[in-house]
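Here is what each chain is made of, one letter per residue.
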Amino acid sequence: QVQLVESGGGLVQAGGSLRLSCAASGSIFSINSMGWYRQAPGKQRELVAGLTSGGSTNYADSVKGRFTISRDNAKIAVSLQMNSLKPEDTAVYYCNADLNRSAHTVSMTYWGQGTQVTVSS
């Protein structure tokens, strides 16, 4: 089994900062990419930031310059530093990983349970 465990959500005022963390555990052979998605009430889940095993990053236009995704090389983990938060950033944030559980299996996508981020105006 593979688990993605998120932490760091909460309530913050507009202009403030939060840092989300996601740690992967279980039977993992290799990680192809990890990232963060979010889903606001009544909206579709959207990509916020992604990080490939080669170190390439991509961000939603709405968060460029404010959010930074990074990885912890000591463990299978990824963080999302969120600065200058806006009320429209309010959503449930989900960690995502595309990984291989062995050298002989195709890659699969796993999701964390989600963590709530609420930005008050």
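For the structure, see preceding data.
Below is a summary of the structure that appears in this document.

Analysis parameters
Residues numbered from 1 in each chain as written. Predicted model: local features only at pLDDT ≥ 70, side-chain atom pairs only at ≥ 80, totals over all residues. Heavy atoms only, no water. Helix = DSSP H or I, 4+ residues; strand = E, 2+ residues; numbered from the N terminus. Rg over C-alpha atoms; globule rule 2.2 N^0.38 Å. Buried < 20%, exposed > 50% of the residue type's maximum accessible area, 1.4 Å probe, protein only. Contact = heavy atoms within 4.5 Å. Lys, Arg positive; Asp, Glu negative; His and termini not counted. Charge placed at Lys NZ, Arg CZ, Asp CG, Glu CD. Pairing = 2+ DSSP bridges. Axes fitted to C-alpha atoms, helices over the stretch in contact; angles between N-to-C directions. Disulfide = S-S within 2.5 Å.

**Description of the overall build of the chain**
So, step 1. Check the secondary structure of the chain and you find 0 helices and 11 strands.
So, step 2. Secondary structure of the chain in N-to-C order comes out as β-β-β-β-β-β-β-β-β-β-β.
So, step 3. In summary, the chain has a C-alpha radius of gyration of 14 Å against a globular reference of 14 Å for 121 residues, a match within 12%.
So, step 4. Seen through its C-alpha atoms, the chain measures out along the principal axes to roughly 50 × 25 × 25 Å.
So, step 5. The buried share of the chain, taken over its 121 residues, is 38%.
So, step 6. Across the chain, the fraction of contacts at a sequence separation of at least 24, relative to all contacts at a separation of at least 6, is 55%.
So, step 7. Side-chain charges in the chain split into 10 positive and 7 negative, and the spacing between the mean points of these groups amounts to 2 Å.

**Description of the side chain of R66**
So, step 1. With respect to the secondary-structure elements, R66 resides in the loop between β6 (57-59) and β7 (67-72).
So, step 2. For R66, the residues in contact, after removing those within four places along its chain, are Q81, M82, N83, S84, L85, K86 and D89.

**Overview of the sheet that holds β7**
So, step 1. The strand order β1-β3-β8-β7 describes an open sheet built from 4 strands, whose pairing is antiparallel. Strand pairing shows two members of the sheet lacking a second neighbour, β1 (2-7) and β7, which therefore form its edges. On average, each strand axis in the sheet is tilted by 15 degrees relative to the strand beside it, whichever way the strands run.

**A closer look at the state of the cysteines**
So, step 1. For the structure shown, the criterion picks out 1 disulfide.
So, step 2. Residue C22 pairs covalently with C95 via a disulfide, S to S 2.0 Å. Looking along the S-S bond of the C22-C95 disulfide, the torsion reads about -80 degrees, which is the left-handed sense. Highlighted residues: C22 in strand β3 (residues 18-26) and C95 in strand β9 (residues 91-100), separated in sequence by 73 residues. In terms of burial, C22 and C95 fall into one category: buried.

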